[in-house]
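# Summary of the model geometry
In case you want the letters, here they are:
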Amino acid sequence: MNNSTKKRTWRFVKSFKLRVFVVITLIIIVPTILGSIFIFNMASDGYLNKKIDKYKSSNTMLKNSIVSEGDLENGNSVVVDTQIAQLSKQYNCRIEIVDSRYNIVKDTDSSEIGKTSVSEFVIRAMTGENVYVSNKKKRYVEFTEPIITTAPTADGKTKSSTIGVLYINYSIADIDSYNHMLSRYVIIADCLIIVFALLMAWLCSVIFNRPIKKISQSIEKISLGQSGNIKENDYSEIVEISNEFQKMIDRMNTQETSRQEFVSNVSHELKTPITSMKVLAESLIGNQGVPEELYQEFLQDICKEIDRENDIITDLLDLVKMERTDAKLNISSVNINEILETILKRLKLIAESKNIELVFETFRPVIADVDELKFASVATNLVENAIKYNNTDGTVTVSLNSDHQYFYLKVIDTGIGISEEDQERVFERFFRVDKARARETGGTGLGLAITKDIVQKHHGSIKIHSKEGEGTTFIVRMPLKYIV
Ligand code: ADP
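Presented here is an overview of the structure given in this document. Numbering of residues starts from 1 in every chain and runs along the sequence as written. Totals for whole chains, interfaces and linings use every residue, but because this is a predicted model, local features are given only for residues with pLDDT of at least 70 and side-chain atom pairs only at 80 or more, for both listing and counting. Calculated side-chain values reflect all of the structure's heavy atoms, with hydrogen atoms and water omitted.

## Things to note about the environment of Leu 87
Relative to the elements of secondary structure, Leu 87 occurs in helix H4 (residues 78-91). According to the relative accessible area criterion, Leu 87 is buried, its value standing at 10%. Spatially, the C-alpha atom of Leu 87 lies 55 Å from that of Ala 201, the residues being 114 residues apart in sequence. Only DSSP runs of H or I with at least four residues qualify as helices, and only runs of E with at least two residues qualify as strands; both kinds are numbered from the N terminus onward. Three labels apply to residues, based on accessible area from a 1.4 Å probe with only protein chains included: buried if under 20% of the type maximum, exposed if over 50%, partly exposed otherwise in between.

Shown next, in the form of structure tokens:
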């Protein structure tokens, strides 16, 4: 057996279709077989019981004749002998009559006449007991019954006494032919039911498997690149699977669209500084005898563009690192107040250049499980933006608070603000409200995208409240304890 045949066989063995087939077959066949065994035994026992009832009434009739004819007291009666001969012929049975002295007086086999019979059953029968033995294996039933007479007594009552024993051994060999015929009917019925069960099982397995087949065909089509939707409305489980799958496809499509958008944005963003550099360099090459100051100015502009290109690449690398699903956070217990104080100290000079006041409001010391470097870049980015997009003489307030579960970092500025429609987009990569201003301030449009990624990786959230011309507030909520 080659590999592909083996695989196909294994797939068939493990298939839902085969399981439905086997289960339905077993559900029908097992009770059928058990039922037919039960019916067979019942019918066979019923047949035997009927026979035994017949034997019993024949025994009674014979015993009555023996008593009425006085066969045991007065010697052979023709009536009794005829009845014995008929009975023995009709039922192929052996009949013995034992008198009260335990002598065998009649025997259809003749071999025992004159002998004494003191078997246990005869003794028990002599005491008035009806002894009945049935042996299905050896195919006989045996009766050892007392022959009882009743006579009136002097006080007007009746007295019963055992005057002998009737022993009859009936052959039940014919039960074999009855059982044989019975088993033939049962086997024919079973075969018909098995054929019906196999057909039903096959039909059910095909019908039950149909929605699964349909959904797997749709999935296969989509995996081969064909467009289409997965929508099944059969079993609710299949509907659930198809809905989840459709959601996954939609998510993948969205991801693909945003990946394409991202790639085109990256190319555009990386090209812009290069184009500027080229224009600057070409104008220097094209104009001979350019004054020294102009050279200096153009070269400084080229350097700025190189820095910008560098910023974009660094931010992009950070973003890619953060987006890797296996990217690990270097979590440790960190004093958040200290980190914020250090950042504010570092940014003080930039703020002062625009005469912006930096205020730090802290309500309580906060120790939290965070990746120190990444959290520092979140805070730096938010405070840098608050300074960059602020007005001269403005204020940036950084506030830190916590409850029993989370800590809250608020960065509030009195700057230009962000319009409501743009607030939803500021976390998108490369989104800048005012591209020209961002270029001036050296923004890449990636800072808030990186910030949001870091916050989400810490299982936190980031929100924005802003009013154009009045200022912006970013609120970061992060858990105090990091749970993987
Ligand atoms: P950038 O590097 O351009 O600052 P960000 O991702 O940090 O990139 O910010 C995206 C855009 O959101 C910015 O270009 C700016 O237009 C707007 N923005 C961010 N922070 C503020 C703020 N505090 N006030 C006003 N606008 C802001």
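## Observations regarding the pattern of salt bridges
Every case where a carboxyl oxygen of Asp or Glu lies within 4 Å of a side-chain nitrogen of Lys or Arg is listed as a salt bridge. What the rule picks out here adds up to 20 salt bridges. Among the ionic pairs, Lys 63 bridges to Glu 145, the shortest N-O distance being 2.8 Å. Of this pair, Lys 63 sits in helix H2 (residues 16-69) while Glu 145 sits in strand E4 (residues 140-152), and the two are 82 residues apart along the sequence. Judged by relative accessible area, which is 8%, Glu 145 ranks as buried. Arg 425 is paired through a salt bridge with Glu 428; the nearest N and O atoms lie 3.0 Å apart.

## Description of the packing of helix H8 (residues 292-323) against helix H13 (residues 447-457)
Each axis is a line fitted through C-alpha atoms, taken for helices only over the stretch in contact, and angles between the N-to-C directions span 0 to 180 degrees. Running from N to C, H8 and H13 cross one another at 25°; their axes reach a closest spacing of 10 Å. When the axes of H8 and H13 are compared, the pair comes out roughly parallel. As H8 runs across H13, the sense of the crossing is left-handed. Residues Asp 315, Asp 318, Leu 319, Met 322 and Glu 323 of H8 lie in contact with H13, whose contacting residues are Ala 449, Ile 450, Asp 453, Ile 454 and Lys 457. Residues are sorted three ways: Asp, Glu, Lys and Arg are charged, Ala, Val, Leu, Ile, Met, Phe, Trp, Tyr, Cys and Pro are nonpolar, and all the rest, Gly among them, are polar. The residue inventory of the contact of H8 with H13, partitioned by class, reads five nonpolar, no polar and five charged. In these notes the angle categories are as follows: under 35 degrees is roughly parallel, over 145 is roughly antiparallel, 65 to 115 is roughly perpendicular, and the rest is oblique. Here a crossing is taken to be left-handed if its near helix is turned anticlockwise relative to the far helix by less than a right angle, and right-handed if that turn runs clockwise. By the convention used here, residues are in contact when the closest approach between their heavy atoms is within 4.5 Å.

## Topic: the packing of aromatic side chains
Pairs were defined over the aromatic rings of Phe, Tyr and Trp, the Trp ring being its six-membered one, requiring ring centres within 6.5 Å. Orientation was assigned from the angle between planes: stacked under 30 degrees, edge-to-face over 60, tilted for the rest. For the structure shown, the criterion picks out nine aromatic pairs. When the centroid spacing of 5.3 Å and the interplanar angle of 35° are considered together, the rings of Tyr 132 and Phe 143 count as tilted. Taken together, the positions of Tyr 132 in strand E3 (residues 131-135) and Phe 143 in strand E4 put the pair 11 residues apart, joining distant regions of the chain. What makes Tyr 132 partly exposed here is its relative accessible area of 38%. Phe 143 sits in the buried class, given a relative accessible area of 1%. Ring centres of Phe 375 and Phe 407 lie 5.7 Å apart, and the angle between their planes is 80°; this geometry places the pair in the edge-to-face category. With Phe 375 in helix H10 (residues 372-388) and Phe 407 in strand E10 (residues 406-413), the pair connects residues that are 32 residues apart, well separated along the chain. Residue classification places Phe 375 among the buried positions, given a relative accessible area of 0%. Judged by its relative accessible area of 0%, Phe 407 is buried. Ring-pair connections join several aromatic residues into one group, and the members of that group are Tyr 55, Tyr 91, Tyr 132, Phe 143 and Tyr 170. Whether a charge lies above a ring is judged from NZ of Lys or CZ of Arg, which has to be within 6 Å of the ring centre and within 35 degrees of the ring normal. Taking NZ or CZ as reference, Lys 56 lies 5.7 Å from the ring centre of Tyr 132, over its face.

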